[in-house]
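# An overview of the molecular structure
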Amino acid sequence: MRLALAAMVLLIAAVAYGQSQLPLRDFGVAWSQGAAKVSFSAIDLADERVRRELSSGLRKRLVVTVGVHLNGSNWRMGVRQFGCDVTRDLWEDGYLVRIGDRSERLDTLEQVLDRCLLVQGLFVGDPKSYELQKGKDIYFAVRAEFNPISKKQCSQLIRPATGGDPVGPISVNIVRRRICRAERTVEFRSQLLRVPE
Amino acid sequence: MSRFERKILFAIGLSVFLALGGSIFLAQGALRDVYAVGVNERFGTELVHGVEARQSHLMALRTGSDQVADAVVWAVEAEVAKRGEKSALEAVLQNLLERYEVVQGIRVVNAGDEVLAEVARPLDSSSEPLRSTVRKRETQLGAGKVRVAVEVAVPERYFERLQEAGEVADVYSRLQRQGASVSDVYAWVFGVLAFLVIVAAFLIGAIVSRRVTRRVTDLAEASRKVGAGDLTVSLPTGAEDEVAELTKAFNQMVRDLRDSRTRIEYLQRIGAWQDFARRLAHEIKNPLTPIQLAAQEMDETYTGEDKAYQEKLAHARAIIEEEVATLRRLVGEFSAFAKLPQADLSPSDLCELVHGIENSIPAVLEDLGEGAARAVEVRLSCATEPIAVRMDPMMLKRCVDNILRNAIQAASREHPHGGGLVLLRAYQGERRAFVEVRDNGPGIDEENWERVFDPYYTTKAEGTGLGLAIVKKVVLEHGGEVRLDRAPEGGARFSIELPLMESR
């Protein structure tokens, strides 16, 4: 029991330390209706290879996850995630971008990157969470990923062979995590800022 | 945990974990080989080629659609120039629509956005979904410019299949990149699960082996106790195996040791009593004759006239002579007890002994008085087969005789008017022979069952208390046991147990 507790504390401390070591980046933060609206750019996710793949005509996915954390703690006060399915239209010039249920057509890759990786005024966390942490230091942590395979799709593509042994299902779960993770990831965090009183 | 247990567990653990390590190593190699058969560069390249082919196909369709649009415009220009009138435009477009399958519709509008002609392929709800696009061209038609919009379409499935092929190629390429790590994951998951199974098996093995080793350590501990002189130790035998056999042998050895010690102690005690009896007999016997002679002389040499005194002397002489006679008898018995020889064992038949006793029963009854003969019935029985034992027939007969006399006396006292019963039988058990004498007399209280064999312990007024002590001594010298308990008839039961010749 003591060992398990010690391991948990170590894990939390390691995660908190890991997040505190993320590179800093300029964030625009505005407070509206008791919640924070953040603006930042993760366009550097799109390096040469990512741009080439986005132009391949195959559907690719860009996912941005923003979390708001209390300084010195591993506790995440709130999280917001959005993803773009980007397909270069080989039939007509341009790109088809699907965000949630909405689809739109953009003419250039730069427009696509601005649409998906340049975040403007995104609400992160609900007012109730901030209400409880007034006057405390917080920071935003961003994880931008290129082409992670969704859990559902990953489960469909990588399946264990039918059989009663436990090796297959356990191994497949681990393999899925490795195989379906993003092909490129960029992580960064904001400076510390104080929740308004 | 004892060293023995640690060694057994170490041996189990070593063999099991060496096997596990070896199997993980082999499984890792085998999995990598198997993985490489299914996921390799060749298949990955072919999949990528498949995706590229679909992309090229779509690009070719796109180029084709542009060419079709150009062809439509040229055809419109040519036909109108040839016929010289725009009124024929509708028929020309219809003709083009029929000629090019990918064309879904054509519209020609003039500079004022007035539709000059328009044709469209009728909608067919049963046909597969199409993805269409409009290729726009401008051309000079007669005196004015016109815009020609050609709608071309290809099946939607071409695009879907490209995406599907792309996804599969993507996953395959990831599997290919992670080849070594995927097979390692399988090997390690197998290893961890096998480890857990082995740990469980190891624990079960430890528990089972502990049961065996515990029995061995118990034996060692019991041996130490026996060595320290504790002969009350007895171990449970447990399951039927070699250790149980060893435990049984150990228990038997302790029982034999205990019996031997009891026998030796008893014989030592009897020896001490014999020494005491010899001295007592010697010390008492010597003055008896002078006492008796002195009394006789006093009586015979009195010459006085005092009648009363003369009678007193005669009375005193009679008392002295009677008591001296009693003392002589006691001295005789003590002396006989002291001189009791060691049993001289030789192969004999126990039934012969019983038959010999049978012959002497009338004499015994006569010796005990007529009352006993009338009141007590004596029954004897023995097996028809000889019961071979090593014995001293004379001494053992004396013992059985002694017990038989006691039994007859007890039965006749309890049943003075008849109905007394004494049974004497000899029989053979698995490894022992038995002589049993039982009666329907008053019996002996249980608290005295052990004491009756002590020298000088007696419940009879005229007894010396040596008879049963001699019986026990003789039986012990035969390597046997004599026991007393209650007979089914209600009286006492004496059982003499002797080892059979085969078991010696």
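Residues numbered from 1 in each chain as written. Chains lettered and ligands numbered in written order. Predicted model: local features only at pLDDT ≥ 70, side-chain atom pairs only at ≥ 80, totals over all residues. Heavy atoms only, no water.

All right, on to the overall build of chain B then. Secondary structure assignment for chain B yields 11 helices and 11 strands. Looking at chain B residue by residue over its 504 residues, the buried ones come to 38%. In chain B, of all internal contacts separated by at least 6 residues, the share reaching a separation of at least 24 is 70%. Of the roughly 28,900 Å² of accessible surface on chain B, 56% is carried by carbon and sulfur atoms. (Helix = DSSP H or I, 4+ residues; strand = E, 2+ residues; numbered from the N terminus. Buried < 20%, exposed > 50% of the residue type's maximum accessible area, 1.4 Å probe, protein only. Contact = heavy atoms within 4.5 Å. Areas by Shrake-Rupley, 256 points an atom, 1.4 Å probe, with all protein chains shown as cover.)

It is worth spelling out the overall build of chain A at this point. Counting its secondary structure elements, chain A contains 6 helices and 10 strands. Counting across all 197 residues of chain A, residues that qualify as buried make up 42%. Taking the intrachain contacts of chain A between residues at least 6 apart in sequence as the baseline, contacts between residues at least 24 apart amount to 70%. As presented, chain A carries roughly 11,000 Å² of accessible surface, and 52% of it is formed by carbon and sulfur atoms.

Residue and element names in this part refer to chain B. Two elements in contact, helix α6 (residues 242–300) and helix α11 (residues 467–477), have axes whose closest approach is 10 Å; the angle formed by their N-to-C orientations is 135 degrees. It follows that α6 is oblique to α11 by the angle criterion. Note that α6 runs across α11; the crossing there is left-handed. Each of R263, Y266, L267, I270 and Q274 in α6 lies in contact with α11, whose residues at this interface are A469, K472, K473, L476 and E477. (Axes fitted to C-alpha atoms, helices over the stretch in contact; angles between N-to-C directions. Parallel < 35°, antiparallel > 145°, perpendicular 65-115°, else oblique. Left-handed = near helix turned anticlockwise from the far one by under 90°.)

Turning our attention to the interface of chain A and chain B. Counting residues at the interface gives 28 residues for chain A and 32 residues for chain B. Of the roughly 2,700 Å² buried between chain A and chain B, counting both surfaces, carbon and sulfur atoms make up 62%. If you sort the residues of chain A by the area they bury against chain B, L90, W91 and I179 of chain A come out on top, with a joint share of 32%. When the shortest N-O distance is used, the salt bridge between E167 of chain B and R59 of chain A registers 3.5 Å. Within the residue set of the side of chain A that touches chain B, elements represented by two or more residues are α5 (151–157) and α6 (167–179) of chain A. Here the side of chain A that touches chain B gets 9 residues from one element, more than from any other, and that element is α6 of chain A. The class makeup of the residues in the side of chain A that touches chain B is 14 nonpolar, 7 polar and 7 charged. (Buried area = accessible area lost by both parts, 1.4 Å probe. Salt bridge = Lys/Arg side-chain N within 4 Å of Asp/Glu carboxyl O. Nonpolar A, V, L, I, M, F, W, Y, C, P; charged D, E, K, R; others polar.)

Once that is clear, we can look at the state of the cysteines. All names here are of chain B. Taken as a whole, this structure holds 3 disulfides over all chains when the rule is applied. Paired through a disulfide, C351 and C382 show a sulfur-sulfur distance of 1.7 Å. Between C351 and C382 the disulfide shows an S-S torsion of about -75 degrees. By sign, it is left-handed. Taken together, the positions of C351 in helix α8 (residues 350–368) and C382 in strand β6 (residues 376–382) put the pair 31 residues apart, joining distant regions of the chain. The exposure class of C351 is buried, given its relative accessible area of 2%. (Disulfide = S-S within 2.5 Å.)

Attention shifts here to the confidence of the model for chain B. Overall, the predicted model of chain B reaches an average pLDDT of 86, with 97% of residues at or above 70. ipTM for the predicted complex: 0.78, alongside a pTM of 0.57. (pLDDT = per-residue confidence, 0-100.)

All names here are of chain B. Among the surface-exposed residues, F17, V192, F195 and L196 lie close enough to one another that they form a single nonpolar patch of about 350 Å² accessible area. With 3 residues, helix α5 (residues 179–227) is the single largest residue contributor to the nonpolar patch. Looking at where F195 falls in the secondary structure, it is placed in helix α5. (Patch = residues over 30% accessible without salt bridge, like charges linked within 9 Å, V, L, I, M, F, W, Y side chains within 5 Å.)

All names here are of chain B. Here T464 lies in the loop between β9 (432–439) and α11. Given the relative accessible area of 14%, T464 is considered buried. Residues in contact with T464, not counting those within four places in the same chain, are L330, E333 and Y456.

A few words now on helix α7 (residues 307–338) of chain B. Residues and elements named next belong to chain B. Here α7 is 32 residues long and its end C-alpha atoms lie 46 Å apart, about the 46 Å a rise of 1.5 Å per residue gives. Within α7, the full set of buried residues consists of L313, R317, V324, V331, F334, F337 and A338. Buried residues along α7 sit against α6 and α11. Between the side-chain oxygen of the N-cap and the backbone nitrogen of A308 there are 3.1 Å, and the N-cap of α7 in question is D306. (Expected span 1.5 Å × (residues − 1). Polar contact = N/O pair within 3.5 Å; in protein donor to acceptor, adjacent residues only side chain to side chain.)

Looking now at the sheet that holds strand β1 (residues 28–32) of chain A. Residues and elements named next belong to chain A. Strand order in the open sheet formed by 3 strands is β1-β2-β7, with antiparallel pairing between adjacent strands. Every interior strand has two partners, whereas the edge strands, β1 and β7 (118–124), have only one. Direction aside, neighbouring strands of the sheet carry axes that sit 20 degrees apart on average. Inspection of the sheet shows β1 paired to strand β2 (residues 35–41) by 5 bridges, in the antiparallel sense. Looking at the pairing, V29 lines up with V38 of β2. On the sheet, helix α3 (residues 109–117) packs against β2 and β7 and is oriented at approximately 20 degrees with respect to β7. (Pairing = 2+ DSSP bridges.)

Our focus in this paragraph is the packing of aromatic side chains. Evaluated as defined, the whole model comprises 12 aromatic pairs over all chains. On the numbers, 5.8 Å between centres and 70 degrees between planes, the contact of F40 of chain A with F188 of chain A is edge-to-face. Pair noted here: F40 of chain A is in strand β2 and F188 of chain A is in strand β9 (residues 184–189), with a separation of 148 residues, a long-range link. Residue classification places F40 of chain A among the buried positions, given a relative accessible area of 4%. By relative accessible area, F188 of chain A is classed as buried at 0%. Summarising the aromatic geometry, the rings of W91 of chain A and F159 of chain B are spaced 6.1 Å apart at their centres and angled 75 degrees between planes, so their arrangement reads as edge-to-face. Of this pair, W91 of chain A sits in the loop between β4 (76–88) and β5 (95–99) while F159 of chain B sits in helix α4 (residues 156–177), which puts the two residues in different chains. A relative accessible area of 1% places W91 of chain A in the buried class. Exposure remark for F159 of chain B: the relative accessible area of 6% places this residue in the buried category. A cation sits over an aromatic face here: R25 of chain A above F188 of chain A, 3.8 Å from the ring centre. (Phe/Tyr/Trp six-rings, centres within 6.5 Å; stacked < 30°, edge-to-face > 60°. Lys NZ or Arg CZ within 6 Å of the ring centre and 35° of its normal.)

At 3.6 residues per turn, the α-helix brings residues three or four places apart onto the same side. In this model, α5 of chain B (49 residues) spans 68 Å end to end at C-alpha, consistent with the 72 Å of a helix rising 1.5 Å per residue. Positive phi shows up at G229 of chain B, right after α5 of chain B, with a value of about 105 degrees.

So, on to the packing of α6 of chain B against α7 of chain B. All names here are of chain B. Following both chains from N to C, one finds α6 and α7 inclined at 160 degrees, their axes separated by 8 Å at the closest point. Judged by the inter-axis angle, α6 sits roughly antiparallel to α7. As α6 runs across α7, the sense of the crossing is left-handed. Of the residues belonging to the contact of α6 with α7, the class tally is 19 nonpolar, 6 polar and 7 charged.

Residue and element names in this part refer to chain B. Taken in spatial order, the 4 strands of this open sheet run β2-β1-β4-β3, and their pairing is antiparallel. Because the sheet does not close on itself, it has two edges, and the strands there are β2 (115–120) and β3 (130–141). Looking at each pair of strands side by side, their axes are set apart by 15 degrees on average, direction ignored. Together, β3 and β4 (144–155) form the strand contacts of α4, whose direction differs from that of β4 by roughly 55 degrees.

Let us look at the pattern of salt bridges. All told, the structure shown has 48 salt bridges over all chains when counted by the stated rule. Close ionic contact of E118 of chain B with R107 of chain B constitutes a salt bridge, the shortest N to O distance being 3.2 Å. With E118 of chain B in strand β2 and R107 of chain B in strand β1 (residues 103–110), the pair connects residues that are 11 residues apart, well separated along the chain. Of the residues examined, E118 of chain B reaches a relative accessible area of 39% and is grouped as partly exposed. With its nearest N and O atoms 2.9 Å apart, the salt bridge here joins E489 of chain B to R438 of chain B. Note that E489 of chain B is positioned in the loop between β10 (481–486) and β11 (492–499) and R438 of chain B in strand β9, a separation of 51 residues in sequence. With relative accessibility at 29%, the residue E489 of chain B sits in the partly exposed group. One salt-bridge network, in which partners are shared between bridges, spans R49, E53, K60 and E183 of chain A together with D170 and R174 of chain B.

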